[in-house]
Amino acid sequence: MGPDDLNRLRWQCRRGLLELDLVLERFLEKYGDRLEGEHLSSFQTLLTYTDDELWDLVRARTECRDARFAELVQWLRGCRDRTGFQSI
Amino acid sequence: MEVYKADVAIVGAGGAGLRAAIAVAESDPKLKIALISKVYPMRSHTVAAEGGAAAVTRPDDSLDHHFNDTVGGGDWLCEQDVVEYFVAHAHEEMVQMEHWGCPWSRKEDGHANVRPFGGMKIERTWFAADKTGFHMLHTLFQTSIKYPSIKRFDEHFCVDLVVEDGRVQGVVAIEIATGEFRLIQAKAVIVATGGAGRVFRENTNGGIVTGDGMALAYRHGVPLRDMEFMQYHPTCMPRTGLLFTEACRGEGGFLLNKDGYRYLQDYGLGPPEDKPRNKFMELGPRDRLSQAFWHEQQKGRTIEGPFGSVVNLDLRHLGEAYLRERLPQIYELAEEFMGVDPAHTPIPVVPGVHYTMGGILADGKTASGLPGLYSVGECSSVGIHGANRLGSNSLTELIVFGKVAGDEAAKFAKATSISNPGAIEKQADAIQARALGIVNKADGTERIAVLRTEMAKSMESGCGIYRLGTTMQETCNKIDELKQRYKKLKVDDKSKVYNTDWLLAIELGYLLDVAQVIVYSAFNRKESRGSHQRLDGYEQRDDVNYLKHTLAYYNGDGAPRIEYGDVKITKSKPGTRAYGAAGVKADEERKKQGAANG
């Protein structure tokens, strides 16, 4: 992924919900450099969801209809873990 | 530079901007509307409002009750004629939202349900499950799509207003995806960019809430009014700012100190009762609850632990089934972000900055003193919040005054025309050069993150829940210094595509201007009122000298010029702002007084 792609993701990770800001910021820190191919395109698709849809997915209120997103969603869910917020 | 010719430009596409856009479109389908937003509209911060929107609904409620709760809650710094308009038009806007598809929660008999909120005498908060902001935003967004006259400029970052011939005639924005500049000519501009909570460190606001529109209007000579009044929300998750909404207290949650004692009874909010009672204890106003936390902390009665100094929000007595049904979001937040099961363990909470009461000076019709410029929503000071906002008034404000702003801007646009397009384009070129100057600077040394952190820490220390002249002076000095250092900002990324460093650098400029206004406004208000509380000899409200609005004017490189404006009082003379049993007594005395006066 080039720097422009990462920049685009960084901007699109700015959300109306602080909860999502926190999770997505942590996600990008942890996985940003590693996002390639299927994972990258899945993440780009997930970012087009409304805040409400995305947050419901992150907190497991809904499950993803598309199996391709499953692993990525698990990574995102891992980023809401409270240990990720100790230093904020 | 590409030019788009609109009649009305709206900066910000959250609830207020969308409602305004719809109003312009409905007022005259021939008017071309440019709706500009730095993020996609559905990612606006309106989405985060969970609680609800106030409108008089129950037969035992009245417009007077809503008026009195708002004006008393605002410590008599509200524009009372504007509050009268607001409460009178709230209900019709709720119904309008319903007609557009907003799924308001209902009672079993089919009527719209309303719930209690802090500082409110009678239940009047409309809600849509626990996602009111989302549903309102979604409803407005979907409705806006119906109107072909609304052209959206999503992911466009507004860098300046264009002021020519003494009136606003457009805006210049960067298309974030390409880095290209666009001049959006407009006969009227509505600013609807939200608040400025990110000036502080511990806050509940999304990262996009950076005071953009406030700073832009301010730099063009429009004063920012009453900016010293920042609302702290009393129940936030420590260190993240995530919000445990007022609903948890409305449903019967208790606030306990380290001894398990409901300490609010020591701060004029008692007596404590088992069931929640409007305007008592945990349903007192937000500023009083946040201030009580501070006092408990000073007395060593907060709980020290891995989350810092906290008090406990105790929901255990409500039981797991009830909590999961009525407060599912709160349950999840506590479980997932803190590892706390609220059915069995109290939730540690602290106050956090939540809402900017002040904003761009606007009259009751949302117009600023700069012809053609209107403002609405949290960025605006139309005058309904005074020194402390009543919970659930802000979502209503978006739609009541969003409509007013749209109608007024449409009227203005129809009665005027663009003057001197050549001069406007020349100005736009100069704006572009200034914005590019930030990224193209060769000798920058200062870092964005460093300046932001120093600003937020200093604001927390100088403009926290309680304030002292000495610490405010230190913060004034610090922000002055940071504004100088900002001129030497280094932006590493020189690219054009999604250059977030560049945009964050521009946002930092907005934040610093707003921070400076907040602290200078606070320093100069030598009294305690609403959310502005001092401990250095000015502990009391001083109606003789400070029943006044603060007006902060831009002064170039110097500190803002502070002036004062009159407060419009129509029917509620300043009285004792009391809650709990003392509030009941004060109400009775006010009634007697009213009867005696005929």
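Residues numbered from 1 in each chain as written. Chains lettered and ligands numbered in written order. Predicted model: local features only at pLDDT ≥ 70, side-chain atom pairs only at ≥ 80, totals over all residues. Heavy atoms only, no water.

Engineer: Give a description of the sheet that holds strand 5 (residues 114–115) of chain B that names residues and reports values.
Structural biologist: Residues and elements named next belong to chain B. Read across the open sheet, the 3 strands follow the order 4-6-5; overall the sheet is antiparallel. Edge positions in the open sheet fall to strand 4 (53–54) and strand 5, since each of these has one partner strand only. Looking at chain direction, strand 4 and strand 6 (residues 125–126) are connected through 2 bridges and run antiparallel. In the strand pairing of strand 6, Ala54 is matched with Thr125. (Pairing = 2+ DSSP bridges. Helix = DSSP H or I, 4+ residues; strand = E, 2+ residues; numbered from the N terminus.)

Engineer: Would you mind going over the interface of chain A and chain B in detail, with residue names and values included?
Structural biologist: At the interface, 30 residues of chain A touch 45 residues of chain B. Our count for the chain A to chain B interface comes out at 6 salt bridges. Arg14 of chain A is the partner of Glu507 of chain B in a salt bridge, and the nearest nitrogen-oxygen pair spans 2.8 Å. On inspection of chain A and its partner chain B, the count reaches 18 residue pairs in polar contact (both at pLDDT 80 or more). (Contact = heavy atoms within 4.5 Å. Salt bridge = Lys/Arg side-chain N within 4 Å of Asp/Glu carboxyl O. Polar contact = N/O pair within 3.5 Å; in protein donor to acceptor, adjacent residues only side chain to side chain.)

Engineer: Account for the domain arrangement of chain B, naming residues and giving values.
Structural biologist: All names here are of chain B. By the assigned domains, chain B splits into domain 1 (231–354) and domain 2 (448–564). Its C-alpha centre places domain 1 at a distance of 29 Å from the equivalent point of domain 2. Of the residues lining the interface, 7 residues belong to domain 1; the matching set on domain 2 comes to 8 residues. Looking at the side of domain 1 facing domain 2, the largest losses of area belong to Tyr232, Gln291 and Trp294, adding up to 68% of the total buried there. Linking domain 1 to domain 2 there are 2 residue pairs in polar contact (both at pLDDT 80 or more). Here the side of domain 1 that touches domain 2 gets 5 residues from one element, more than from any other, and that element is helix 7 (residues 286–298). (Domains from an automatic or database assignment. Buried area = accessible area lost by both parts, 1.4 Å probe.)

Engineer: So what's going on with the confidence of the model for chain A? Which residues, and what values?
Structural biologist: Chain-level statistics for chain A give a pLDDT mean of 86 and a share of 91% at 70 or above. A low-confidence stretch, residues 83–88 of chain A stays under pLDDT 50, and its non-local contacts, those more than four residues away or across chains, total 12 contacts. (pLDDT = per-residue confidence, 0-100.)

Engineer: I'd love a proper account of the packing of helix 3 (residues 37–47) of chain A against helix 5 (residues 70–78) of chain A, names of residues and values included.
Structural biologist: What describes two packed helices is the angle between their axes and the distance between those same axes. Residue and element names in this part refer to chain A. For the pair helix 3 and helix 5, interaxial distance at closest approach is 9 Å and the crossing angle is 65°. Relative to helix 5, helix 3 is oriented roughly perpendicular. For the pair helix 3 and helix 5, the sense of crossing is right-handed. Residues His39, Ser42, Phe43 and Leu46 of helix 3 form the contact with helix 5, whose participating residues are Glu71, Leu72, Val73, Trp75 and Leu76. When its residues are assigned to classes, the contact of helix 3 with helix 5 shows 6 nonpolar, 2 polar and 1 charged. (Axes fitted to C-alpha atoms, helices over the stretch in contact; angles between N-to-C directions. Parallel < 35°, antiparallel > 145°, perpendicular 65-115°, else oblique. Left-handed = near helix turned anticlockwise from the far one by under 90°. Nonpolar A, V, L, I, M, F, W, Y, C, P; charged D, E, K, R; others polar.)

Engineer: Kindly report on helix 1 (residues 3–12) of chain A, identifying the contributing residues and their values.
Structural biologist: Every buried residue of helix 1 of chain A is accounted for by Asn7, Leu9, Trp11 and Gln12 of chain A. Elements that come into contact with the buried residues of helix 1 of chain A comprise helix 2 (18–31) and helix 3 of chain A together with strand 8 (156–164) and helix 14 (500–524) of chain B. (Buried < 20%, exposed > 50% of the residue type's maximum accessible area, 1.4 Å probe, protein only.)

Engineer: So, the pairing of strand 16 (residues 308–314) of chain B: which residues are in play, and what are the values?
Structural biologist: Residue and element names in this part refer to chain B. Burial analysis of strand 16 places 6 of its 7 residues in the buried class, which makes it a mostly covered element. Inspection of the sheet shows strand 14 (residues 254–256) paired to strand 16 by 3 bridges, in the antiparallel sense. Within the sheet, the bridge partner assigned to Leu255 lies in strand 16 and is Leu313. Of the pairings in the sheet, the one linking strand 15 (residues 303–305) to strand 16 comprises 3 bridges and is antiparallel in character. Its bridge partner being in strand 16, Ile303 is matched across the sheet by Val310.

Engineer: Got a sec to walk through the pattern of salt bridges? Specific residues and values, please.
Structural biologist: All names here are of chain B. Tallying each qualifying case throughout the model produces 61 salt bridges over all chains. For Lys483, the salt bridge goes to Asp513, with nearest N and O atoms at 2.6 Å. Placement of the pair is Lys483 in helix 13 (residues 469–486) and Asp513 in helix 14, with a sequence separation of 30 residues. Accessibility classification places Lys483 together with Asp513 in one group, the buried group. Taken together, the shared-partner salt bridges connect Asp75, Asp226, Glu228, Arg525, Glu527, Arg529, Arg541 and Asp543 into one network.

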